[in-house]
Amino acid sequence: MVAHRIGRAEEIAMGAFTPVKVGRTSILITRLPSGDLTAIAAKCPHQGADLAFGCITGMAAGADPHSLHQQRPGEILRCPWHGFEFDLVNGQALVEPSSLRLRHYPVRVEAGDVFIET
Ligand code: FES
């Protein structure tokens, strides 16, 4: 694995992607509500849509249509092409086939600098 410095930790916002290019690989970084940073491949594992145009959201839940609320805000990614949803924490698809997974890259912060390993 090779570590690539991609910027400062304070530049990575919650609820939005920071796109970076490592060689020919497009990677998206975001800050989860927990404060952790996560880095994923920008290509959807379904049919390759650019996830930079996706929406970071949560899951709607409730016992009836009048009591809906959002669970896990900021932890779910909705693909812009077919609307499949993925868990940004573990990469798992929330739709079938559940074998679809986001590709994650290890991220670490050292003295405020963010490194991605590829
Ligand atoms: S390309 Fe992302 S859900 Fe189909």
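Bear in mind the structure is a predicted one, so any value in this text is a computation, not a measurement. (Residues numbered from 1 in each chain as written. Predicted model: local features only at pLDDT ≥ 70, side-chain atom pairs only at ≥ 80, totals over all residues. Heavy atoms only, no water.)

Chemist: Looking at this structure, I do not really get the sheet that holds strand β6 (residues 69-78). What am I missing?
Modeler: The strands making up a sheet are joined through hydrogen bonds of the backbone, oriented either antiparallel or parallel. The strand order across the open sheet built from three strands is β5-β6-β7, with neighbouring strands paired in antiparallel fashion. This sheet does not close on itself; its edge strands, each paired only once, are β5 (55-61) and β7 (85-87). On average, each strand axis in the sheet is tilted by 60° relative to the strand beside it, whichever way the strands run. Of the pairings in the sheet, the one linking β6 to β7 comprises three bridges and is antiparallel in character. Counterpart to R78 in the pairing with β7 is E85. (Pairing = 2+ DSSP bridges. Helix = DSSP H or I, 4+ residues; strand = E, 2+ residues; numbered from the N terminus. Axes fitted to C-alpha atoms, helices over the stretch in contact; angles between N-to-C directions.)

Chemist: Whenever I open this one, the sheet that holds strand β8 (residues 104-105) confuses me. Can you help?
Modeler: Ordered by their spatial adjacency, four strands build an open sheet running β2-β3-β4-β8, and the pairing between neighbours is antiparallel. The open sheet is flanked by β2 (18-22) and β8, the only strands paired with a single partner.

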